[in-house]
Structures are given as C-alpha cells and as structure tokens.
Amino acid sequence: MKRRLLLATGGALLGGLPLPGCTTKPATGPTVPKGTGLVDIHCHLFNSSDLPTVRFIKIVVLEHYPKDAIKTLSIEDPDALDGLIALFTWIVGRTKAPSAEDEIKVLKGEQVNLVNADDKVNESAVINAIAEFAASGAMGVSDTPEDRGIKKVRRALLRAAGDTSVSVMSGPIPDDGAKLVAERAYKSTVDLGLLLRWFGLFTRYRYVLAEKLAADHSRQGFVPLLLCPAIVDYDNWLGEHVETSPMPRQVEVMGRIALQKKGPAVHGYVGFDPLRQVLFDKGIRKDYDPLQVVTDAIRLHGFVGVKLYPPMGFRAIDNELATCQPYPDTRTFRQLLDGQPIDPSTAKCEIRPADGSRQIGAALDKAMNRLFDTCVREGGSVIAHANDSNSGGNDYSKRADPEFWVPVFRQWPRLSVCLAHFGHFAAVSDSQRGKPLPESSWEWTLGRHLKANPMAPVFGDISYLSEIFGKTDVDLAAYTATLKRWMSEFDPDCQHLVFGTDWTMLGLDKSYDVFSGSVYEYFRTRVFTVGDGKDADRLKRLFSGNAARFLSLRAGDPGRKRLEAFYVKNGLPASRLPLLE
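Residues numbered from 1 in each chain as written. Predicted model: local features only at pLDDT ≥ 70, side-chain atom pairs only at ≥ 80, totals over all residues. Heavy atoms only, no water.

Some details on the state of the cysteines
So, step 1. Applying the stated criterion to the full structure yields one disulfide.
So, step 2. A sulfur-sulfur separation of 2.0 Å characterises the disulfide bridge that pairs Cys324 with Cys349. Sign of the S-S torsion, about -85 degrees for the bond between Cys324 and Cys349, identifies this disulfide as left-handed. In this pair, Cys324 is assigned in the loop between β5 (305-308) and α15 (331-337) and Cys349 in the loop between α15 and α16 (357-378), connecting sequence segments 25 residues apart.
So, step 3. Among the residues examined, Cys324 registers a relative accessible area of 39% and is labelled partly exposed.
So, step 4. Not part of a disulfide, Cys375 finds its nearest cysteine sulfur in Cys418, a span of 14 Å.
So, step 5. For Cys375, a relative accessible area of 2% puts it in the buried group.
So, step 6. Between Cys494, a cysteine without a disulfide, and Cys418, which holds the nearest cysteine sulfur, the sulfur-to-sulfur distance is 12 Å. (Disulfide = S-S within 2.5 Å. Helix = DSSP H or I, 4+ residues; strand = E, 2+ residues; numbered from the N terminus. Buried < 20%, exposed > 50% of the residue type's maximum accessible area, 1.4 Å probe, protein only.)

As for the pairing of strand β2 (residues 222-229)
So, step 1. For β2, the tally of buried residues reaches seven of eight residues, placing the bulk of the element in the interior.
So, step 2. Across six bridges, strand β1 (residues 36-43) lies against β2 in parallel orientation. Directly across from Gly37, in β2, lies its bridge partner Val223. (Pairing = 2+ DSSP bridges.)

Topic: the packing of helix α19 (residues 473-490) against helix α20 (residues 515-527)
So, step 1. It is the contact of α19 with α20, at a shortest axis distance of 11 Å, that shows an interaxial angle of 80 degrees. Classed by the angle they form, the pair α19 and α20 counts as roughly perpendicular. In this structure, α19 contributes Leu476, Tyr479, Thr480, Leu483, Lys484 and Met487 to the contact, and α20 contributes Tyr522, Phe523, Arg526 and Val527.
So, step 2. Residues that form the contact of α19 with α20 fall into these classes: seven nonpolar, one polar and two charged. (Axes fitted to C-alpha atoms, helices over the stretch in contact; angles between N-to-C directions. Parallel < 35°, antiparallel > 145°, perpendicular 65-115°, else oblique. Contact = heavy atoms within 4.5 Å. Nonpolar A, V, L, I, M, F, W, Y, C, P; charged D, E, K, R; others polar.)

Points about the packing of helix α3 (residues 78-95) against helix α9 (residues 191-201)
So, step 1. Packing of α3 against α9 leaves a shortest axis separation of 10 Å and a crossing angle of 35 degrees. Crossing geometry of α3 relative to α9 is assigned as right-handed. Contacts between α3 and α9 involve Leu84, Leu87, Phe88 and Ile91 on the former and, on the latter, Leu192, Leu195, Leu196 and Phe199. (Left-handed = near helix turned anticlockwise from the far one by under 90°.)

Here's the deal with the environment of Ala135
So, step 1. Structurally, Ala135 is set in helix α6 (residues 119-135).
So, step 2. What makes Ala135 buried here is its relative accessible area of 16%.
So, step 3. Separated by 103 residues in the primary sequence, Ala135 and Val32 have C-alpha atoms spaced 45 Å apart.

What about the layout of surface pockets?
So, step 1. For the second largest pocket, the calculated volume is near 730 Å³.
So, step 2. Taken together, 21 residues line the second largest pocket, and the ones lying closest to its centre are Cys324, Pro326, Asp395, Lys398 and Arg433.
So, step 3. Of the residues contributing to the lining of the second largest pocket, the split by class is nine nonpolar, three polar and nine charged. (1 Å grid on protein atoms, 1.4 Å probe; cavity = no way out; pocket = protein on both sides within 12 Å on 5 of 7 lines; lining within 4 Å. Points joined across faces, edges and corners; volume = space filled by probe spheres on them.)

Quick notes on the sheet that holds β1
So, step 1. Reading across from one edge, β1-β2-β3 is the order of the three strands in this open sheet, with parallel pairing throughout. Sheet topology places β1 and β3 (265-266) at the edges, where each strand pairs with a single neighbour.

Below, the structure is given as structure tokens:
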C-alpha cells in the first residue's frame, strides 16, 4: 500500500477525525454546580505489570468491548481476540509499563520516564508501537490462531483509519503508511480506536493515572475529594501469575501515592484472594502471607480496606455448603485435590465436581472468615465485585450474588461492605430462579436486606452505570422507573448508594468522558425528584456523604483517625484528608 493511496482513499472517509499531530479532545457533557464534592469510591489505577495480562484482557475485552461504537472487528471471533492480545502485549512491551519497583523509585525522587508520564510522549510512543505492529513482517505470517488474529487486527486498523478500499490487505503494512494508519486508528471514534486508547492507559505510572482521573472529574465541574483505587488478585484462578509487581510492592507504591502533597486524597483497597491464602497456609505458595499484607496495608500504608472478586470462583461464605460448586481444572486445583477420597454427597449433582471440592470450599471459607475478622479488627472496609460479569469460569460470576453475602452481613454486623456495580436489574438471585425481574434481581435481594436492616453498614456502588447511556427515551424512562421503584421501596433517603466510576475499566466505554457529570445530572433531574425538600441531601449523600460512612471517615470516626495519624507519621498535616460529611 502506498502512502498516497491511503491519503487519497482515506481523506474523504476520515471526515472529522483528528489529523496527524492533533490531540484528541474529550467529549463535553453536563457540568455540575461549582464546588460539588465527589468521592470516587471505586476506581483502578493499575497498569499491565500489576495484572495477569493475557487472561485479564481476554475476560475484560470480551465483557466490555465497545458495543455502541462503529465496529471494525468481530470480538466474538477467537482469532480476533488473540490478535488483540498480541497487539496489547506488543504495546505494553514496547512502552515498558513501569513496575511497582520502578514507580517507587520515581516517587522517591529518581528520574521519571517520560514515555510513562507525559501524555503527548506516551501517545506518540503508543502510536509508534501500533505502527511497528502493523508494519512488522515477522508477525502474522503463519496460520496459527494468533497469526490469523494479527492479520484481522491489521485489517481492522486500516478500517479504523478510514481506508476501506485497501482493508482486504492482511499482510504487513509498508513502513511509509503504517505510522499514518496507526495515528488515525488510535484517534478514531470506532471500536478499535477506543480500545487502543484504553490499551495506552496500561502503560502509565499509577500516580499519573490518579492525576488523569482527578483532572477528568474536575473538567466536569467536580471537586474530587477522595479516590479509592482497588488492587485486584486474579492470579491463582486464571493460572497466570504476576511476577513483575507482586502484591506487597503494589501496596507500597499505592501507599506512597497516598502521601502525595497535592490533588485529591488517594486511599485504596488491597486485593485479597482466599485461594492464595489457602495455598499459603498449605505451604504451596510461600512468597507472602496475604492476610499479613492486608493488615500492613491498612495499618502502615493508608489503605481503607480490601477488594474481593468472587466471580473468579468463590462465594463470600458457605462455599463448603455449595455441594455442586466446581473449580477450575488447573494445576493449582489438581494439586489441592490430589488424593482426595470419593465424595458421595456430590453424586446427584448435574455436573459433578471433582472429589475434594467441598474440602477446598471449607478452606476458602476459613480464609474468608479470617479476612472478615481482620477487617473488623483493623477497621477496614470491603468492596466486592457484585455483577454477573467477568467470570473466571463457566457461570462462576453467579457466585457474586448478593444473596451469598447476606449470611456475612448477619455474622459480622459491624463489617462495612460495598457491593459494586449496582443498577443492572438483570441477574436473577439464586433462590429467586423462575421468578420475574426485577423482583428476582440481585438488586432486589440487596434491597430486601437493607429494608430489614436500614442502619446496616451495607452499600451498593453505581460504578460503570452504563445503563443510563445510549438508550431511547422510552427505554431510559422504563429503566428510571425501575430504579426509582427500588429506591422508594428500599432506600428512600439514599443512605446506601455510593458513586464510583470503575475507571480505568470505564475507559472502554465511550461515555467515560462525560460519565461523572452525566450521572450527577441523571440523578438530579430524573431520580431524586421526590420534592420533599431532601433531594439535594440525597444527591450529596450519593456523591460523598455515604462514602464517608462506608469508609468510617466522618469527623471522629476510627477510620478517619487512622488516616490522620498516617499523614502525621509521614510528615503531612492531618488536614490533608478533606472533610467528608
């Protein structure tokens, strides 16, 4: 393909897309009243060195691939997914995503790498990496699934760049056109453009991501008071282990970010995996004690609590009682199951789990019990993925059902818990199967508990609330009626819902640039319209007040005192933590 051919055929097709050298500007949306405080109770600031990259991308991209953008790639095609993973690993390899250790050194004052710090330099580096991928003659030359995928991604890059006349090309793009293709694909508004820009986030320093998120909230009119980033631990369920930035080092780097002197306060959640605790307790993994990391994170590094991810394959409690609950057929589980006797209790299961599965469930329960005891003792809050998504195995995501949390709420009544991703009204709770929605939904299950226990420290966050975007007026009105009905029945004063974005995950959605302001305006104009003089208070509780209660950060709360002492011990004034009322 000649450069002049791309220019000739692409110029008309590209229309209003950014030209080379132009910076993509964020979309504009509602601007909130000046001085409106915001707590982002659920976000992520990890990069690729913190994650089991290949399996993570497979799960997340399949679940959250941009659905409303113009499509250049069929994500349902396994080859295309393999090609995207190859492109992602190429990008993060070429830009050298900073490890936790790298960032700790930078935060101590050593030389920063501009590729990972500066927006323009990073954008240029990512585009160059895409161009190298498109032009590389060493890839996509055989007929393996990955190579077939690479060819499909190259064709998609051409389509994203606006060049449909030559998009049948599946081989390497000549060097003289690859840079132009890469730049225009990266800055496009189609599905692949969104994905490429999202890939770029995983090449950045974590403190830079915090600054970007705060700036995005500020651009929409908010005063960002507190960001609460969650670390995740998927390794042992997915069979791919993070070696570059192990959990203790991730905790240390986030603790140092919490001590930055400017910007919103940043206090996060340490990832906890009960399976990792089981493996440590059995002497199979000896690198660190997960519960000790949790304790140190809260006591020493300014963390506010723990992040759990039940869709990987565990319930909050009573895994042993889930007789027919299977686990992944991986080396880790085969090692745990080796030599277990036949379990007659599973004989009637439709799909019989491996013998010894209930013993694994009992060990998971023990780890979870110890975690909840630790959180109550240390004053740490728990945030858990509670959406029927991002499953570590077939239907494993259903283990995140709020119904499985109710026994926890009863056994640990002082434990502060937030179930993330409230508001879908589409998943049916375990005991409600066969009953109509929304009454059988996960949200209704949570609501029934809140109605019976209105003072319980139990919350739901509305992070990644994509349901309010891209709908027809009729569909949005129907959704709003369901949400208002839930609030009227279960939480009329909005004492239990909290705001969050789920960024950087939300970066895959084209609504991200206007998300915070749009959510504010949606609740102000469509949901909190009771007209009893309390609607402004409901809105304030949603965006900051309820977060303060969830995290024990109100004036005089133990959690607030702990963080103020953390600041003072490290040479900062206690006033660094803003008032959250």
